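Listed below are the residues making up each chain.
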Amino acid sequence: MRRMRRPLLVIVSLFLAMTMVLAGCSKSEEGSPPNSGTVNNETDKDNKEQPNEKSDSKWVLGEKPLEFSAYAHYNNTDFPKWESTPIGKYLSEEKQVKINMIAASGAHTQKLSALMASDDLPDMIWTDRNHPDMERLYKAGKLVAFDDYLDKYPNLKEWMGEDLNMLRHDDGKLYMFPNWYSSNPFGNAGYVVNKKIYDELGKPALKTTDDLYDYLVKVKEKYGDSIIPFEPHRAQDMQGLGVLYTAFGEGALYTYLNSGLRAIPKDGKLTPVFTDPVFREAQKYIAKLYREKLISQDAFNQTEDQVLEKVMTGRVAVFAGSSPTTFAGEAHPELIKEDPDGGYFMIWPIHKPGLDKNKIYPGTYTSFGWNAAYITTAAEDPEAIFAFLDWYTGPEGMNVQYFGPEGKNWEGFDEEGKPNFTENYDPKEVADIQTKNEPVMFVGNTSYIDPAKYKYMENLPFEEQDWRTKYQQTITWPTQYNVTEFINLNPDPESEEGVIKASIDEMFLEVYAKSVMAGSDEEVEQILDQGHKDLMALGYDKLLEWRTVKWQENLAKMKQK
């Protein structure tokens, strides 16, 4: 979905702001002032309970029904039906937990805008941390603060520790429940290789960017259009193409290209992307692959399902992305059923010749993961939703999501709090459970589940270990970089910098796509030169200055810890 250009965005933003103000005026006796983080709906027509004035009794999973609505605010991503997942089916049937998934079917910007304008919000929204739309809801007093629940339901506080305070809003309160938070390296970005094709081509070296180019040429020569040499997942999100960028500079990070940064750190300042020599060299390489049809030609248009179908059927030679293990981990066991010597494997990150391979980082992570769950004031019982999420992120909840209900694959905990795996542990069943539950793992606890997963695997031969886990241990986790210092760099969407950011994001992606499709190195240079000028005309320098200040504030906070 293309983002709106600046004039239209301003009109829509003003419309939403006016709608929220009018809604607030019409309910002036029931709503709390913006930024208060409290809910005081005494005269609400639904007579909803006040979430911060509940009794000391705790919500316990399964004691009484819990039903709420949830919405994934990501383009081309909708939660599956709750009962269609193993965890959803179990919790619905055995623990009285029912989640009603709201779908946008690709029109996510319009969907949430309509829900906000009508004041008919989902009970829970799952999206990027500090998403501009969440900032709008915060300013309208539509988000529930979690502070009163943290000690009562302590899993989040226990596993996050003091880092949790860095997620607090300007009013000092916490409104987001992070997903895949961790104090240890984690992540799945990198390169997956089709083993059957690799073997048929004689197992050539795949270490440098030169090796990769030569290999992709051989794939095209031998297999023609039946095999895609390089599949970059969703190029509009800079997925696998962003991974390729990291091959051209020691310490060059995928995060530099993301909407939350769009900058290259240099000498204590955040500097423009398009003028960066490393980025330009990478774009010339990527454009060469694209015009020689070594990269999927529909990379900027394809859906998640289309990418999955290619990977599942083995029609890609090299697959790269921010989490290629998700699709490849699902496809691998299916492919080896037909050919025991087939399937996929991962390689150490590709690097430009002459660079230190151990200073190449195809992926990044933060202490807070990638996204977060927010509870809105539409929820009748926000404490119960928070309590559920806290159970979901704790040891029992994580084990049920990964290994199924207690009793079959695991039973109880050892002295370190890890699950005790039973003699009936079924690796194939566990892999299937994980794959099917992954779309509804809203508040994953990486610090807990990673050591728990590896407990079963560590004593097995490498070839018998779970496909995802063995490559996480040996390749992806050691090659991901901590970018916690770059969190919370999104300005208020209604501020001058926020309006600039919206315009910058749209133009950045347009220029990026044009440079990938350029017909020559010279054209890449011309496109990036003009793109830089156009971004600066929109106020890119002002956004970079604002973000530099916030970045330096983050660094100062991290030194104080």
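Residues numbered from 1 in each chain as written. Predicted model: local features only at pLDDT ≥ 70, side-chain atom pairs only at ≥ 80, totals over all residues. Heavy atoms only, no water.

### Focus: the overall build of the protein chain
Within the protein chain, the secondary structure is distributed over 19 helices and 15 strands. In the protein chain, buried positions account for 54% of the 561 residues. Taking as baseline every contact in the protein chain between residues at least 6 positions apart, the subset at least 24 positions apart corresponds to 75%. As displayed, the protein chain offers around 24,000 Å² of accessible surface, 49% of which is attributable to carbon and sulfur atoms. (Helix = DSSP H or I, 4+ residues; strand = E, 2+ residues; numbered from the N terminus. Buried < 20%, exposed > 50% of the residue type's maximum accessible area, 1.4 Å probe, protein only. Contact = heavy atoms within 4.5 Å. Areas by Shrake-Rupley, 256 points an atom, 1.4 Å probe, with all protein chains shown as cover.)

### So, the confidence of the model for the protein chain
Per-residue confidence for the protein chain gives a mean pLDDT of 88, with 90% of residues at or over 70. Under a pLDDT of 50 for its full length, residues 1–54 has, in the predicted model, 77 contacts with residues more than four places off or in other chains. (pLDDT = per-residue confidence, 0-100.)

### A few points about helix α14 (residues 427–437)
Within α14, the full set of buried residues consists of V430, A431, I433, Q434, T435 and N437. If you follow the buried residues of α14, they end up packed against α2 (86–94), α11 (324–338), α13 (395–403), α15 (446–457) and α16 (467–476). Measuring from the backbone nitrogen of K428 back to the side-chain oxygen at the start of α14 gives 3.1 Å, which picks out D426 as the cap. (Polar contact = N/O pair within 3.5 Å; in protein donor to acceptor, adjacent residues only side chain to side chain.)

### Brief notes about the pairing of strand β10 (residues 344–347)
Judged by which residues are buried, β10 turns out to be covered on both faces: Y344 and M346 on one side and F345 and I347 on the other are all buried. The sheet contact formed by strand β5 (residues 190–194) and β10 spans four bridges and is antiparallel. Pairing of V192 across the sheet is with M346, part of β10. (Pairing = 2+ DSSP bridges.)

### Focus on the packing of aromatic side chains
Within the structure shown, the criterion is met by 37 aromatic pairs. A network of ring pairs unites the aromatic residues F68, Y74, F79, W82, W126, F388, W391, Y392 and F442 as a single cluster. One residue, K222, lies across the ring of Y223, its end atom 5.6 Å from the ring centre. Positioned above the aromatic ring of Y213 is the side chain of K288, whose terminal nitrogen or guanidinium carbon lies 4.2 Å from the ring centre. (Phe/Tyr/Trp six-rings, centres within 6.5 Å; stacked < 30°, edge-to-face > 60°. Lys NZ or Arg CZ within 6 Å of the ring centre and 35° of its normal.)

### Some details on the nonpolar core
One finds Y191, L212, Y215, F230, L241 and Y344 to be the most contacted residues of the largest nonpolar core, which totals 87 residues. Per-element accounting of this core gives the leading share, eight residues, to helix α17 (residues 496–516). If you look at the next biggest cluster of nonpolar residues, it comprises 78 residues, including L150, W180, F403 and Y425. (Core = buried A, V, L, I, M, F, W, Y, C linked by side-chain atoms within 4.5 Å.)

### Overview of the pattern of salt bridges
All told, the structure shown has 30 salt bridges when counted by the stated rule. For the salt bridge of K89 with E93, the shortest nitrogen-to-oxygen distance reads 3.1 Å. Pair noted here: K89 and E93 are both in helix α2, with a separation of four residues, about one helical turn. A relative accessible area of 44% places K89 in the partly exposed class. Residue classification places E93 among the exposed residues on the basis of a relative accessible area of 54%. Residues K284 and E525 are paired through a salt bridge, measuring 2.5 Å at the closest nitrogen-oxygen approach. A residue pair is termed long-range when its members are at least 10 positions apart, and K284 in helix α9 (residues 277–291) and E525 in helix α18 (residues 521–537) qualify at 241 residues. Relative accessible area serves as the criterion here: at 22%, K284 is assigned to the partly exposed category. For E525, a relative accessible area of 24% puts it in the partly exposed group. (Salt bridge = Lys/Arg side-chain N within 4 Å of Asp/Glu carboxyl O.)

### Examining the environment of F327
In this structure, F327 sits in helix α11. Along the chain, F327 and E309 lie 18 residues apart, while their C-alpha atoms are 9.2 Å from each other. Contacts of F327, omitting those with residues within four sequence positions, involve H233, E304, V307, L308, V311, M312 and F319.

### So, unusual backbone geometry
Note: most peptide bonds trans; most residues except glycine with negative phi. Its identity as a non-glycine residue notwithstanding, D119 has a phi of 55°, on the positive side. Here D119 shows up in the loop between α3 (108–118) and β3 (124–128). Even without being a glycine, D267 presents a positive backbone phi close to 55°.

### Let's talk about the pairing of β3
Within β3, four of the five residues are buried, which leaves it mostly tucked inside the rest of the structure. Relative to β3, strand β1 (residues 66–72) runs parallel, the two being bridged by three bridges. When the bridges of β3 are listed, A70 appears paired with M124. Pairing analysis gives five bridges linking β3 to strand β12 (residues 371–375), with the strands arranged antiparallel. Of the residues in β12, the one forming a bridge with D128 is N371.

### Regarding α2
For α2, the complete set of buried residues consists of I87, G88 and L91. The buried residues of α2 occupy an angular sector of 100° when projected down its axis, which confines them to one face. Pointing more than 90 degrees away from the buried face of α2 are the exposed residues E93 and E94. Packing partners of the buried residues in α2 comprise β2 (97–102), α12 (382–393), α13 and α14. Phi for Q96, located one or two positions after α2, is positive at around 65°. (Arc of directions from axis to C-beta.)

### Structural notes on the side chain of Q283
Along the chain, Q283 turns up in helix α9. In this structure Q283 comes out as buried when scored by relative accessible area, which is 0%. Setting aside residues up to four positions removed in sequence, Q283 forms contacts with Y512, S515, V516, V524 and L528.

### Some thoughts on the sheet that holds strand β4 (residues 177–178)
Spatial ordering of the open sheet is given by β2-β1-β3-β12-β4, a layout of five strands whose pairing is mixed. Each of the sheet's edge strands pairs with one partner strand only, and the pair in question is β2 and β4. Running over the sheet, α3 touches β1, β2 and β3 and is turned about 130° from β1. (Axes fitted to C-alpha atoms, helices over the stretch in contact; angles between N-to-C directions.)

### Regarding the sheet that holds strand β6 (residues 228–231)
Hydrogen bonds between backbone groups are what pair the strands of a sheet, and the pairing can be parallel or antiparallel. Ordered in space as β6-β9-β5-β10, the four strands form an open sheet in which the pairing is mixed. Looking at the sheet topology across the chains shown, the edges are occupied by β6 and β10. Across the sheet, the axes of successive neighbouring strands diverge by a mean angle of 20°, strand direction being ignored. Packing of helix α7 (residues 209–223) onto the sheet brings it into contact with β5, β6 and β9 (316–321), and relative to β6 it is tilted by some 140°. Contacting β5 and β10, α16 runs over the sheet at an angle of about 15° to β10.

### Side note on the side chain of K142
If you trace the backbone, K142 turns up in the loop between α4 (132–139) and α5 (155–160). Within the structure, K142 has its side chain in polar contact with the side chain of D119 (distance 3.1 Å).

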